Amino acid sequence: MRWPVCMVLLTCIVANAQEYPRKEVDLERLADELFGYQDLDLNYEELYENLALLLSNPININTANTEQLRFLNLLTEAQVQSLVNYRTENGPLISMYELQAVPGFEVPDILRITPFFIVSNPATGFDRSFLKRITQSDNSYFIMRYDRTLETKAGFTNSVSESQQFKGKEDKLYLRFRSARPGDYSFGFTMEKDAGEQMAWSSSKKQYGFDYNSFHAQVLNKGRVKNLIVGDYQAQFAQGLLLGGNFGFGKGGETVTTVRRSNLGFMPYTSVNELGYLRGAAVTYELHKNIFVSSFYSNAFRDASIADDSTEQSFAAAFQTTGLHRNEAELSSRKRIREQQYGVIINYRIRQTEAGFIFNHIDYNLIISRTPRAYNQFAFSGNGLDNIGIFLNHTVKNFTFFSEAGKTLNRGYGVVAGLLGSITQQFDLVLHFRNYQRNFYSLYANAFAEGSLPINEGGIYWGWKYRWNKKYNVAGYADLFHFPWLRYRSYTPSDGHEWLLRFTYQPVRSVLLFVQVREESKVRNLSTSESNLYLTGEGIKRNLWLNADYGLGTKLRLKTRAQFSSYIINNRKTYGMALLQDVAINFGRLSVTARYALFDTDDYDNRQYVYERDVWLAYSLPAYSGIGIRSYILAEYGLSRRLSIWLRWARTTYTHQEVIGSGADAITGNKRNDLRMQVRFRF
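Residues numbered from 1 in each chain as written. Predicted model: local features only at pLDDT ≥ 70, side-chain atom pairs only at ≥ 80, totals over all residues. Heavy atoms only, no water.

A short note on the overall build of the protein
Piece 1. For the protein, the helix and strand inventory stands at eight helices and 35 strands.
Piece 2. Looking at the protein residue by residue over its 683 residues, the buried ones come to 51%.
Piece 3. Once local pairs closer than 6 in sequence are excluded, the contacts in the protein between residues at least 24 apart make up 62%. (Helix = DSSP H or I, 4+ residues; strand = E, 2+ residues; numbered from the N terminus. Buried < 20%, exposed > 50% of the residue type's maximum accessible area, 1.4 Å probe, protein only. Contact = heavy atoms within 4.5 Å.)

This is the structure in structure tokens:
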């Protein structure tokens, strides 16, 4: 063993009794880094939920496999392989301090990942009873949250039709409990009532108290049973082509590691997003030391618009995705269609190779028959489908190859493949290929794609990142894609492209400066009254971001940002911009964050998304659209080690309109104020 490693280990032994102090991660900076920009159809709320989930349930770095290490998208492929090799040669890490001895890990890298990992002996504490492990765990908490918009929406008045009037009160309520121990167990529940929804107890309406209830119970590593979940869960296998949870960040400021999906298996579902989860039971069983069999069953009701055909046969015309059930119109679609799923995944792992087979079956108790449109004639219809697929991952030194192929039986297929690696310690690279046919149906997918689902699309992506030294790095990507068939708002087969370039300068730890430019080109329908035919044109959107994030001392942080955009189609060019200033002050137990932002956009195409700090486990990403001012203030106070409270007030003022929103959500006036309060108790 080399002497520097020995010195670090001696330091670690001394520090072992005093483990690395876990600090609050700056999720705002992390969101900027991973998401890059936010104007696509990704579910950022659920992506954030999964990041926050990891923060509250960190991974044991001594037992994490390569897929779990890659999952965070914070480590390069060279760092992943270096850490695995280090553990093999030197045994489990004694402390997070020991990461300084792992080749390729610099202090900034260690600071970024430490909030998501812990160092512990996997066997420590397992000799205690299950009840003692629960009561002595530091990862048990209960959250109560209250939201209210201070202005009254039209749905709470008589100004809209009776079918549009909201039945419940204007308060939004949220409850959440979770207890978890990495590699051992997890259980909890989440409850939510949106503003305008009712509290009710009715088996005929499938409602029990809150409008949305979710629960789960999970045990891990019990003999050959590696994972067992009952309740609500999500599945993330291979590249997410057939089974994918919300773990893929897609294209963004992190241009390399976010392209590849990790083969994580089943994980608890704790989000309030009422879509995309499975409800039932799932298990992963170790058949052989190299062979794992996973199986699941799900039975859940989904929101859908129901209609009758000429023979009075009922069918589902469309799925509803808002999760809102406030008035007769929204309640008419609540839990109207039953969805059953089952599947099996066989996984073979040996050394640096992983391969597997996936089968997934879905059926509905009603036929899905969408209203015919030119763009959706190849969309899924019927009351069931079967998908099969295979995947292969292989790692050689600092490069990993990943792939997955899936096919809808009697229909089309989809394929993804890529290569990710570190050419040097300074230069990382990823290449990605995808091809999804127009009649390939994978309803629970999260594969890399331009659209929200992998269908009717092909493309090649190239991403890279180069670091001169600890202070400078530049990253970019180029994505060339095509759509072989018509799309929503694009009634012709089309091609497109997207590229991004980001230069980052961090002279010291407390200062982060970056400039980011991006261009996207997509075909879109043109609005014209001169012809009865659909005409299309190439729409080009360009973005420029200038960001300065800096600290003054240990108590004060400032952030200044300017965002500009333009959109041009059919020789018409429009613009948008947002200027904002953030101030964050830490007084010890009390911390306060505030923002003042100005925005001016010509149209919705130039809307500006900017991440806003929120209460713990909540996500805020409003679209600044129109002309106005956006401001908010967030205060957090730790009453004790176990009890914390948050208070947040946000205000938007428009200078050019007297009504905000439309329909039942309309607010008379040019101001909107939102209040949020939260209490967290740690057990």
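A few points about the nonpolar core
Piece 1. Counting residues in each nonpolar core, the largest one holds 31 residues, and the members touching the most others are F266, F296, I345 and I358.
Piece 2. Taken together, the elements giving at least two residues each to this core come down to β9 (225-236), β11 (278-288), β15 (337-350), β16 (353-368) and β17 (382-396).
Piece 3. Those residues in contact with F296 that lie beyond four places of it in its chain are Y233, L243, F266, L278, A281, A282, Q341, Y342, G343, I345 and N360.
Piece 4. Listed in part, the 22 residues of the second largest apolar core include L75, V84, I110 and F117. (Core = buried A, V, L, I, M, F, W, Y, C linked by side-chain atoms within 4.5 Å.)

Things to note about the pattern of salt bridges
Piece 1. According to the stated counting rule, one finds 32 salt bridges in the structure shown.
Piece 2. In this structure, D549 engages R557 in a salt bridge whose closest nitrogen and oxygen atoms are separated by 2.9 Å.
Piece 3. In this structure, R630 and E612 form a salt bridge, with 2.8 Å as the shortest nitrogen-oxygen distance. Here R630, found in strand β31 (residues 627-638), pairs with E612, found in the loop between β29 (608-609) and β30 (623-624); they are 18 residues apart in sequence, far enough to count as distant.
Piece 4. Overall, the relative accessible area of 9% leaves R630 in the buried class. (Salt bridge = Lys/Arg side-chain N within 4 Å of Asp/Glu carboxyl O.)

Considerations on the confidence of the model for the protein
Piece 1. Mean pLDDT over the protein: 87, with 89% of residues reaching 70 or higher.
Piece 2. For residues 10-18, every residue scores under 50 in pLDDT, and the model assigns this stretch eight contacts once sequence neighbours within four places are set aside. (pLDDT = per-residue confidence, 0-100.)

Quick word on the packing of aromatic side chains
Piece 1. Taken as a whole, this structure holds 30 aromatic pairs when the rule is applied.
Piece 2. Both rings, one in Y342 and one in F359, keep their centres 6.4 Å apart while their planes meet at 45 degrees; by these two values the pair is tilted. With Y342 in strand β15 and F359 in strand β16, this pair connects stretches of sequence that are 17 residues apart.
Piece 3. Take Y342: its relative accessible area is 39%, and that puts it in the partly exposed class. (Phe/Tyr/Trp six-rings, centres within 6.5 Å; stacked < 30°, edge-to-face > 60°.)

Describing the environment of Q320
Piece 1. Looking at the secondary structure, you find Q320 in the loop between β14 (314-319) and α8 (328-331).
Piece 2. For Q320, a relative accessible area of 26% puts it in the partly exposed group.
Piece 3. Through-space distance from the C-alpha of Q320 to that of K335 is 9.6 Å; in sequence the pair is 15 residues apart.
Piece 4. Residues in contact with Q320, not counting those within four places in the same chain, are L275, D303, A304, S305 and S333.
Piece 5. In terms of polar contacts, Q320 uses its side chain to reach the side chain of S305, at 2.6 Å. (Polar contact = N/O pair within 3.5 Å; in protein donor to acceptor, adjacent residues only side chain to side chain.)

Some words on the pairing of strand β4 (residues 172-181)
Piece 1. Most of β4 sits out of view: seven of its ten residues are buried.
Piece 2. Summarising the sheet, strand β3 (residues 140-149) and β4 pair through eight bridges and their orientation is antiparallel. Paired with Y146 across the two strands is L173, which belongs to β4.
Piece 3. Hairpin remark: β4 followed by strand β5 (residues 185-193), antiparallel, with three residues in the connecting loop; positive phi at G183, about 75 degrees. (Pairing = 2+ DSSP bridges.)

Notes on helix α5 (residues 77-90)
Piece 1. The end-to-end C-alpha separation of α5 is 20 Å, in line with the 20 Å expected for 14 residues at 1.5 Å each.
Piece 2. The set of residues buried in α5 consists of E77, A78, Q79, V80, Q81, S82, L83, V84, Y86 and R87. (Expected span 1.5 Å × (residues − 1).)

Remarks on a nonpolar patch on the surface
Piece 1. Together, V515, L544, L546, F564, L579, Y596 and L598 make up a nonpolar patch on the protein surface, roughly 540 Å² of accessible area in all.
Piece 2. If you list the elements that add at least two residues to the nonpolar patch, you get β25 (536-552) and β28 (590-601).
Piece 3. Mapped onto the elements of the fold, L546 is located in strand β25. (Patch = residues over 30% accessible without salt bridge, like charges linked within 9 Å, V, L, I, M, F, W, Y side chains within 5 Å. Areas by Shrake-Rupley, 256 points an atom, 1.4 Å probe, with all protein chains shown as cover.)

Considerations on the pairing of strand β12 (residues 291-302)
Piece 1. Of the two faces of β12, the one lined by F292, S294, F296, S298, A300 and R302 is fully buried and the one lined by I291, V293, S295, Y297, N299 and F301 carries no buried residue.
Piece 2. With eight bridges connecting them, β11 and β12 associate as antiparallel partners. Looking at β12, one finds that E286 is bridged to F292.
Piece 3. What sits between the antiparallel neighbours β11 and β12 is a turn of two residues.

Considerations on the side chain of T258
Piece 1. Looking at where T258 falls in the secondary structure, it is placed in the loop between β9 and β10 (265-268).
Piece 2. There is a polar contact of 2.8 Å between the side chain of T258 and the backbone oxygen of E254.

A look at the side chain of R178
Piece 1. Mapping R178 onto the fold places it in strand β4.
Piece 2. Within polar-contact distance, the side chain of R178 engages the side chain of S186 at 2.8 Å.

Points about unusual backbone geometry
Piece 1. A positive phi is found at A238, a non-glycine position, where the angle reads about 50 degrees.
Piece 2. Along the polypeptide, A238 turns up in the loop between β9 and β10.
Piece 3. Looking at A238, the relative accessible area reads 1%, which means it is buried.

Let's talk about the environment of E519
Piece 1. Considering the arrangement of structural elements, one finds E519 in strand β24 (residues 511-525).
Piece 2. On the accessibility criterion, E519 (11% relative accessible area) is buried.
Piece 3. In contact with E519, other than residues within four places in its own chain, are H497, E498, W499, I540, K541 and R542.
Piece 4. Within the structure, the side chain of E519 is placed 2.8 Å from the side chain of R542, a separation counted as a polar contact.

What about the environment of F292?
Piece 1. Mapped onto the elements of the fold, F292 is located in strand β12.
Piece 2. Residue contacts for F292: discarding those within four places in its chain leaves K226, T284, Y285, E286, L287, I345, I346, N347 and R349.

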